[in-house]
Every structure is written in C-alpha cells, then in structure tokens.
Amino acid sequence: MLMKSWFGRRVIKTGVAVFITAFVCHLINLPPTFAVITAIVTTEPTAADSLKKGMIRLPAAALGATFAIAADFILGQNALTYALVAMLTIIACSKLKLDTGTLVATLTAVAMIPGTTEHALFDFSIRISGTSIGIIVSTLVNFVILPPKFGPILVKKVDGLYKQTAAKFTSILESHLLDEAVDRTHYYRKLHEELTKAYQLTQFQHDEWQYRRSCEFERRSFGYLQKKLDYLHLTLFHLGKICHLRVNQPITKDEKQLLRETIQSFCAIFEDHYHQITTSHFTNMEKIKQLRAKQTKQDTFLNQMTHELISLHEVTLELAQITTDERRFSMEETSYPTYIFKKQALYE
C-alpha cells in the first residue's frame, strides 16, 4: 500500500517514458539529454492532453531550436544569448498561439546553446530529433500504458469536499454565535478552489472518452458524481452568504442551541457517503421555519440565517434523493462501477 502511494500511475508512466526515450536515443546514437528532458515535462494527466499538446510542442520546439542556433551564430555563447533566446522563444510561442509548447521550446532552446558547433544544420537536426522522440514516446506511453482511472479519484475527492464543507460550516456558525471579528470568507475560499479541481477531473475523464471506449454505466456514474459537485456548488453558495451575515440582534440560548443542532444535522448529512436524512433533521427544520415566522424584520441575523438554512435544506433534499435513486440503480445493475458506493445495506 505504501509503495502504491509513492509510485502512482503518472510516476510510473514518466519512468517508463524516460527509459524508452533514453534506450531509443542510445540505439540510434543520439544525445539522450534533450529527449529525456522533453519526455519528463510532456507527460500529461490524460492521453487526450498528450495528443493535443504534442501536436503543438513539436513546432514550438523547432522554433526554439532555430532561435538558439541563430543567436549563437550571431552573438556566440554568452549570458545575453541565453536571455535573448529564452525571451524570443516565449514571445514567438505566445504570438503563434503555441502556449502549451512554451516550456518544452524554451528548455530545448537554452539547453541547445552549450553544445552548438559550427555545423548549425547538423546541430538543429540532432536536437529536434531528440526532442521529437521525447514528445512522441511520452505521448504513446501516456496513451497505451496504465490509462488514468479518474472514477475512484473523483469519488474520494467529492466525499472529502463534503466532509470539509461540514467542518467549515460548524466553524462559520460558531464564529457568528461567539461574535468573533474574523474574516469568514477564508472558510469557504479554499473549498471553491478544491471544487474547481474536482470539476477538472470530470473534464479529464470526458477528454479520455474521446479516445477510449466506455460503457453506459461508467458514463452514468460520472454524471451522478458531477451532479453531486453541482449540489456542492449550491451548498457553498449558501455557505458564502452565511459567512457575510452580521449578528445585529440578541440571540437567546435556545435559539443558539437550535442553530447548533440544525448545523450538526446538516453536517451529518454531508459527511454520510449516502447523504441520508434523519427524522431529527426534519424536526430541526420545522423549528427553523417556526423561528423564521417569528421574525418581524427582514434584515435581522436570525431572519437571514433561517432563510439560508431553509434554502440549503431544499438543496440537501435533492442531493439525498439523487443519491438514493443512484444507489438503488447501482444495486440492480451488476455492471455498475463498484467504486461509486461502498458495500452497505440500502436502508440502515
């Protein structure tokens, strides 16, 4: 298990790509340095990214090599040459919309300068050949060996985000009830960043499906996970509004207790892999609705807080419903991905 955590799929693919690249270069008597560097920096999370970016990196690398040879021929090997080559390569890649190839092109260009000789055309062909081998090998390795499995990663990510949301929700409420003068936005700002990364994983998987076969159940399971992210996005929206509330009225001990119990029941739902809603949560929400009905002013803390909790309750009801429906479907279909739901009875 420890070895698996150290040597992930991308690490293994990088090692394989470097080995094959160096082996091919030694086989045809090419300097392996440029090819190996390129193979390392061009290993991507998905085969789709490798193919798309590989088509851009090849011309970008040729561009960088051209600048290196030209600058070395005119200025010789000095500090100005390195700076000028790097700048020209970056500018050219930007202007020609070759941004994803900028790093490879710049590395190729500056690394070429120390080894240049009087035979410019020969140097150019050697460097470009090595760089091309690195790009091609890393692309093929990424496509053929150990294809990425984003499903289990995304399940773990989504569950983790819901648990983090529960923890932050409690912290936000306590900061209000204790009337702490703190910046509460940091409680959910990080969650938004992590949510964006989770959405990126779903995009990675959709990109992979352009080049690999997938079954109906795999696509359906990813649709379910994406819905969970959408509901999490709505939850963070309400969480953000709660962060910006201001305690502008006295709150009784009973009201504080009710708010704490309600938040705790929300947190229990978020932390549960199946998002099951208990009877006590419905009871708390009825009390929250009654508390809101007692509020005579629109701009009070309790009025706004209860409004957000009621809205959040609606989101949670939908989350619980789609989870129950999907879980039941997964039990009826043996081909459904097993990593989506843990082995447990449908009703506890």
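Residues numbered from 1 in each chain as written. Predicted model: local features only at pLDDT ≥ 70, side-chain atom pairs only at ≥ 80, totals over all residues. Heavy atoms only, no water.

### Looking at the overall build of the protein chain
(1) Moving on: Helix and strand counts for the protein chain come out as 13 helices and 0 strands.
(2) Moving on: From first element to last, N terminus to C terminus, the protein chain shows the α and β order α-α-α-α-α-α-α-α-α-α-α-α-α.
(3) Moving on: When each of the 348 residues of the protein chain is scored for burial, the buried share is 46%.
(4) Moving on: Summarising the internal contacts of the protein chain: among those between residues at least 6 apart in sequence, 77% fall at separations of at least 24.
(5) Moving on: For the protein chain, the exposed surface amounts to about 18,300 Å²; the carbon and sulfur share of it is 62%.
(6) Moving on: Counting 39 positive and 33 negative side-chain charges, the protein chain places the averaged centre of each group 2 Å from the other. (Helix = DSSP H or I, 4+ residues; strand = E, 2+ residues; numbered from the N terminus. Buried < 20%, exposed > 50% of the residue type's maximum accessible area, 1.4 Å probe, protein only. Contact = heavy atoms within 4.5 Å. Areas by Shrake-Rupley, 256 points an atom, 1.4 Å probe, with all protein chains shown as cover. Lys, Arg positive; Asp, Glu negative; His and termini not counted. Charge placed at Lys NZ, Arg CZ, Asp CG, Glu CD.)

### Some thoughts on the pattern of salt bridges
(1) Moving on: Enumeration according to the criterion identifies 10 salt bridges in this entry.
(2) Moving on: Residue Lys289 pairs with Glu286 through a salt bridge whose shortest N-O separation is 3.9 Å. Pair noted here: Lys289 and Glu286 are both in helix 12 (residues 279-294), with a separation of 3 residues, about one helical turn.
(3) Moving on: Under the relative-accessibility criterion, Lys289 is labelled partly exposed at 35%.
(4) Moving on: Across the pair Asp325 and Arg328 runs a salt bridge, and its minimum N-O distance is 3.7 Å. Within this pair, Asp325 and its partner Arg328 are both found in helix 13 (residues 301-332), separated by 3 residues, close to a single helical turn.
(5) Moving on: Overlapping salt bridges bring together Lys157, Lys190, Glu193, Glu194 and Lys197 as one network. (Salt bridge = Lys/Arg side-chain N within 4 Å of Asp/Glu carboxyl O.)

### Things to note about the packing of aromatic side chains
(1) Moving on: In this structure the tally under the stated criterion is 10 aromatic pairs.
(2) Moving on: Taken together, the ring pairs connect Phe217, Tyr224, Tyr274, Phe329, Tyr336 and Phe341 into an aromatic cluster.
(3) Moving on: The side chain of Arg220 reaches across the aromatic face of Phe329, ending 3.6 Å from its centre. (Phe/Tyr/Trp six-rings, centres within 6.5 Å; stacked < 30°, edge-to-face > 60°. Lys NZ or Arg CZ within 6 Å of the ring centre and 35° of its normal.)

### Some remarks on the packing of helix 3 (residues 32-41) against helix 6 (residues 102-112)
(1) Moving on: As a packed pair, helix 3 and helix 6 sit with axes 10 Å apart at the nearest point and diverge in direction by 160°. Between helix 3 and helix 6, the crossing angle belongs to the class labelled roughly antiparallel. Crossing geometry of helix 3 relative to helix 6 is assigned as right-handed. Here Phe34, Ile37, Thr38 and Val41 of helix 3 come into contact with helix 6, specifically with Leu103, Val104, Leu107, Thr108, Ala111 and Met112.
(2) Moving on: The residue inventory of the contact of helix 3 with helix 6, partitioned by class, reads 8 nonpolar, 2 polar and no charged. (Axes fitted to C-alpha atoms, helices over the stretch in contact; angles between N-to-C directions. Parallel < 35°, antiparallel > 145°, perpendicular 65-115°, else oblique. Left-handed = near helix turned anticlockwise from the far one by under 90°. Nonpolar A, V, L, I, M, F, W, Y, C, P; charged D, E, K, R; others polar.)

### Things to note about a nonpolar patch on the surface
(1) Moving on: A grouping of Phe73, Ile74, Leu75, Leu80, Leu84 and Leu88 is seen on the molecular surface, where their side chains present a nonpolar patch of about 610 Å² in accessible area.
(2) Moving on: Every element with two or more residues in the nonpolar patch is listed here: helix 4 (47-75) and helix 5 (79-95).
(3) Moving on: Tracing the backbone shows Phe73 in helix 4. (Patch = residues over 30% accessible without salt bridge, like charges linked within 9 Å, V, L, I, M, F, W, Y side chains within 5 Å.)

### Comments concerning the nonpolar core
Note on soluble globular proteins: their nonpolar side chains tend to be buried together.
(1) Moving on: Counting residues in hydrophobic clusters, the biggest one holds 55 residues, and the most contacted among them are Leu154, Phe169, Leu259, Met305 and Leu309.
(2) Moving on: Mapped by element, the contributors of at least two residues to this core are helix 8 (150-177), helix 9 (186-208), helix 10 (216-243), helix 11 (253-271), helix 12 and helix 13.
(3) Moving on: Not counting residues within four places of it along the chain, the set of residues in contact with Leu309 comprises Phe169, Leu259, Thr262, Ile263, Phe266, Met285 and Ile288.
(4) Moving on: In terms of nonpolar packing, the next biggest core, distinct from the first, is built from 10 residues, Phe34, Ala68, Ala109 and Ile113 among them. (Core = buried A, V, L, I, M, F, W, Y, C linked by side-chain atoms within 4.5 Å.)

### As for the state of the cysteines
Note: disulfide means a covalent bond formed between the sulfur atoms of two cysteine side chains.
(1) Moving on: Counted by the stated rule, this structure contains 0 disulfides.
(2) Moving on: Residue Cys267 stays outside any disulfide, its sulfur separated by 13 Å from that of Cys243, the closest cysteine. (Disulfide = S-S within 2.5 Å.)

### What to know about the environment of Leu58
(1) Moving on: On the secondary structure map, Leu58 appears in helix 4.
(2) Moving on: Overall, Leu58 belongs to the partly exposed group, its relative accessible area being 30%.
(3) Moving on: Separated by 248 residues in the primary sequence, Leu58 and Thr306 have C-alpha atoms spaced 58 Å apart.
(4) Moving on: If near-sequence neighbours (up to four positions away) are discounted, Leu58 is found in contact with Ser132 and Ile135.

### So, the packing of helix 8 against helix 11
The packing of two helices is summarised by the inter-axis angle and the distance between the axes.
(1) Moving on: Relative to each other, helix 8 and helix 11 sit at 170°, their axes nearing to 8 Å. Classed by the angle they form, the pair helix 8 and helix 11 counts as roughly antiparallel. Contacts from Tyr162, Lys163, Thr165, Ala166, Phe169, Thr170, Leu173, Glu174 and Leu177 in helix 8 reach Lys256, Leu259, Arg260, Ile263, Phe266, Cys267, Phe270 and Glu271 in helix 11.
(2) Moving on: Among the residues forming the contact of helix 8 with helix 11, the class breakdown is 10 nonpolar, 2 polar and 5 charged.

These figures come from the coordinates and say nothing about function on their own.
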